[in-house]
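Residue-level structure breakdown
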Amino acid sequence: MRYISTRGAAPVLTFGEAMMTGLARDGGLYVPESVPVMTQDQIAALAGLSYEDIAFRVMRPFLGDTFGDDEFRGLLARAYAGFGHAARAPLVQLGPNHFLLELFHGPTLAFKDFAMQLIGQMMQAALAKTGERITIVGATSGDTGSAAMEAFRGLANVDLFILYPHGRVSDVQRRQMTTPAEANVHALAMDGDFDDCQARVKDMFNDFAFRDGVRLAGVNSINWARVLAQVVYYFSSAVSLGAPHRPVSFTVPTGNFGDIFAGYIARKMGLPIEKLVIATNQNDILDRALKSGAYVTDGVKPSISPSMDIQVSSNFERALFDAYGRDGASVAALMAELKTGGFTISQGALQFLRETFASGRCSEDETRATITQAFAETGEILCPHSAVGVKVAADHQGATPMITLATAHPAKFPDAVQAAMGVRPALPPRMADLFDRPERVTRVPNDLAEIQALVRERTAL
Ligand SMILES: *Cc1c(COP(=O)(O)O)cnc(C)c1O
């Protein structure tokens, strides 16, 4: 299995190399040269297996010889051992033919744990073979950083630095980043907003002397290994509702397009997915683009579903690559145009995208109303992101079973949930002491040189 860049001008890599590289050198994203297809019998045989066994069968063909079979089984076992539910990704029913896939039973209560826990194990295993060390630097508006801290804490060959905007993440998110005690993970509270944090991380990657000196690597949502790990729960949930004999549809609360792109890969692998619905909040560039053909940025409007507040969706580039017949030069030209505010999707590509995805948007008022209504009708407390999905799913419900992805636990966003329905969601018992654990955090100014000096000092290079 080989991986190529969506912009067509970067080295072709193995799975292990693509995982360690993250962003391709031509600025593109790595995708598999071809997607392995599972037969109907192979999909049917997944029924009744554990989540880890399904993950093994779904992911194995993408890995090449990066890991041996037993080794990979061991990594999967370690990645998901810390989840608070034996099914890992349980399905609950919301209404006739509408199901909720609860992806929030991981250690930081958001779906990002599924990918982050596994990429932590995979990177450590790959590094241990050569004795190399790497430094991972990431910026977060909340969920990615906490998932990364949990996944990488205590790993022998990795140092992790997470920059978050000081005073602008929720208390739960902050504590999940500042309470891990292991010396290899570092929470940095930066003066500025999320865009400032992201800009400083980008600066560090563009400073090649620094990048090579500390062996910088990234684990943001464009990393192919993260997308791949998310393909698994599309299979596990669809099979438990009768796939491949019965098709299903999915609605996915979408920000950077990583999660829904994993659903697209599942369909390419042969899973019978009828509709794949993109659900956006008021930051609706994807919904507008599918409806009008114009992919145009419009600033970020802060919402009560903050993990979906994006200006552009980085992983959408992977869908465009297929929509443009896998022509890297076309994608590179579009991305250059995007820097000046946007582009018009060609007729052929737009037709491909409309045949592949449906989409809908959910306003702030509709998000709150959906939280209230779902609780009244089912007793299920939705986080605001999941509520966006449930609302848009209802608009697309047909005769095929609809599965909406619940991307975070409501207790991660208690203020928004309480404002909507008057009840403050409680943290699961295994996390109830989060507010008693000591915090460890370093305040840093919005200053590249100072942050680099701190990273160098802590990695002792
Ligand atoms: C990251 C995140 C999303 C968006 O997922 P993408 O893969 O970026 O589209 C949605 N909900 C929650 C809770 C998240 O943390």
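To be clear, the structure that these remarks concern was listed above.
Considering the nonpolar core
Core analysis: the largest hydrophobic core is formed by 115 residues, its most contacted members being Phe-15, Phe-152, Tyr-233, Tyr-234, Phe-235, Phe-250 and Phe-357. With 12 residues, the top contributor of residues to this core is helix 10 (residues 224-240). Those residues in contact with Phe-357, other than ones at most four positions away along the chain, are Phe-257, Ile-260, Tyr-264, Leu-276, Ile-278, Leu-290 and Ala-319.

Quick word on the sheet that holds strand 7 (residues 185-190)
If you walk across this open sheet you meet the 5 strands as 8-5-6-7-15, and the pairing is parallel. In this open sheet, the two edge strands, each paired with only one partner strand, are strand 8 (216-217) and strand 15 (442-444). Inspection of the sheet shows strand 7 paired to strand 15 by 3 bridges, in the parallel sense. Across the sheet, Ala-189 pairs through a bridge with Arg-443, a residue of strand 15.

Focus: the packing of helix 4 (residues 69-80) against helix 5 (residues 112-130)
The interhelical angle for the contact between helix 4 and helix 5, taken along N-to-C directions, is 135°, at an axis separation of 9 Å. Considered as vectors, helix 4 and helix 5 are oriented oblique to each other. As helix 4 runs across helix 5, the sense of the crossing is right-handed. On the side of helix 4, the interface is formed by Glu-71, Phe-72, Leu-75, Leu-76, Arg-78, Ala-79 and Tyr-80, while helix 5 contributes Phe-114, Gln-117, Leu-118, Gln-121, Met-122, Ala-125 and Lys-129.

Re the state of the cysteines
Evaluated as defined, the whole model comprises 0 disulfides. The closest cysteine sulfur to the non-disulfide-bonded Cys-362 is located on Cys-383, 12 Å from its own sulfur. Owing to a relative accessible area of 0%, Cys-362 belongs among the buried residues under this scheme.

Some points on the packing of aromatic side chains
One pass over the structure, following the stated rule, counts 19 aromatic pairs. A ring pair is formed by Phe-83 and Phe-114, whose centres lie 4.9 Å apart and whose planes are at 70°; its orientation type is edge-to-face. One end of the pair, Phe-83, is in the loop between helix 4 and strand 3 (91-95); the other, Phe-114, is in helix 5, with 31 residues separating them in the sequence. Here Phe-114 falls in the buried class, since its relative accessible area comes to 0%. Between Tyr-295 and Phe-316, the ring centres sit 5.1 Å apart and the planes meet at 25°, which makes this aromatic pair stacked. Residue Tyr-295 is found in strand 11 (residues 294-296), and its partner Phe-316 is found in helix 13 (residues 316-323); the two are separated by 21 residues along the sequence. Take Tyr-295: its relative accessible area is 2%, and that puts it in the buried class. What links up through ring pairs into an aromatic cluster is the set Tyr-51, Tyr-80, Phe-83, Phe-114, Tyr-233, Tyr-234 and Phe-250. Lying across the ring of Phe-56, Arg-73 places its NZ or CZ 3.7 Å from the centre.

Regarding the site of the ligand
In the neighbourhood of the ligand, 15 residues make up the surrounding shell, with Lys-112, Asp-143, Gly-255, Asn-256 and Thr-407 lying closest. One of the side-chain N or O atoms of Lys-112 is found 2.5 Å from an oxygen atom in the ligand. Asp-259 is positioned such that a nitrogen or oxygen atom in its backbone is 2.9 Å from an oxygen atom of the ligand. Taken by itself the ligand offers 380 Å² of open surface, and the protein chains cover 96% of this. When its residues are assigned to classes, the shell around the ligand shows 5 nonpolar, 7 polar and 3 charged.

A short note on helix 15 (residues 347-356)
Restricting attention to buried positions, one finds in helix 15 the residues Ala-349, Leu-350, Leu-353 and Thr-356. Seen along its axis, helix 15 keeps its buried residues to an arc of 130°; they face one direction. More than 90 degrees from the buried face of helix 15, the exposed residues found are Gln-347, Gln-351 and Glu-355. Elements in contact with the buried residues of helix 15: helix 11 (258-268), strand 10 (273-280), helix 12 (285-292), helix 13 and strand 13 (358-361).

Quick look at the packing of helix 12 against helix 15
Where helix 12 meets helix 15, the axes come as close as 9 Å, and the angle between the chain directions of the two elements is 120°. The two elements helix 12 and helix 15 meet at a crossing, and its hand is left-handed. Packed against helix 12, whose contacting residues are Ala-289, Leu-290, Lys-291 and Ser-292, the element helix 15 presents Leu-350, Leu-353 and Arg-354 at the interface. Looking at the contact of helix 12 with helix 15, its residues break down into 4 nonpolar, 1 polar and 2 charged.

As for the side chain of Thr-254
Tracing the sequence through the fold places Thr-254 in the loop between strand 9 (248-253) and helix 11. Within the local environment of Thr-254, its side chain forms a polar contact with the backbone oxygen of Val-252, the two atoms lying 2.7 Å apart. Those residues within four positions of Thr-254 in sequence are excluded, and the remaining contacts are Ile-260, Ile-278, Ala-279, Thr-280, Leu-286 and Met-308.

As for the sheet that holds strand 3
Spatially, 3-4-14-9-10-13 is the arrangement adopted by the 6 strands of the open sheet, whose pairing is mixed. The two strands at the open ends of the sheet, each matched to only one other strand, are strand 3 and strand 13. For this sheet, the mean angle separating the axes of adjacent strands, direction not counted, is 25°. Bridging between strand 4 (residues 98-102) and strand 14 (residues 402-406) involves 5 bridges; their strand directions are parallel. The residue bridging Phe-99 from the neighbouring strand is Ile-403, located in strand 14. Contacts from helix 12 reach strand 10 and strand 13 within the one sheet, and its direction differs from that of strand 13 by about 130°.

So, how was this worked out
Residues numbered from 1 in each chain as written. Predicted model: local features only at pLDDT ≥ 70, side-chain atom pairs only at ≥ 80, totals over all residues. Heavy atoms only, no water. Core = buried A, V, L, I, M, F, W, Y, C linked by side-chain atoms within 4.5 Å. Buried < 20%, exposed > 50% of the residue type's maximum accessible area, 1.4 Å probe, protein only. Helix = DSSP H or I, 4+ residues; strand = E, 2+ residues; numbered from the N terminus. Contact = heavy atoms within 4.5 Å. Pairing = 2+ DSSP bridges. Axes fitted to C-alpha atoms, helices over the stretch in contact; angles between N-to-C directions. Parallel < 35°, antiparallel > 145°, perpendicular 65-115°, else oblique. Left-handed = near helix turned anticlockwise from the far one by under 90°. Disulfide = S-S within 2.5 Å. Phe/Tyr/Trp six-rings, centres within 6.5 Å; stacked < 30°, edge-to-face > 60°. Lys NZ or Arg CZ within 6 Å of the ring centre and 35° of its normal. Near = heavy atom within 4 Å. Polar contact = N/O pair within 3.5 Å; in protein donor to acceptor, adjacent residues only side chain to side chain. Areas by Shrake-Rupley, 256 points an atom, 1.4 Å probe, with all protein chains shown as cover. Nonpolar A, V, L, I, M, F, W, Y, C, P; charged D, E, K, R; others polar. Arc of directions from axis to C-beta.

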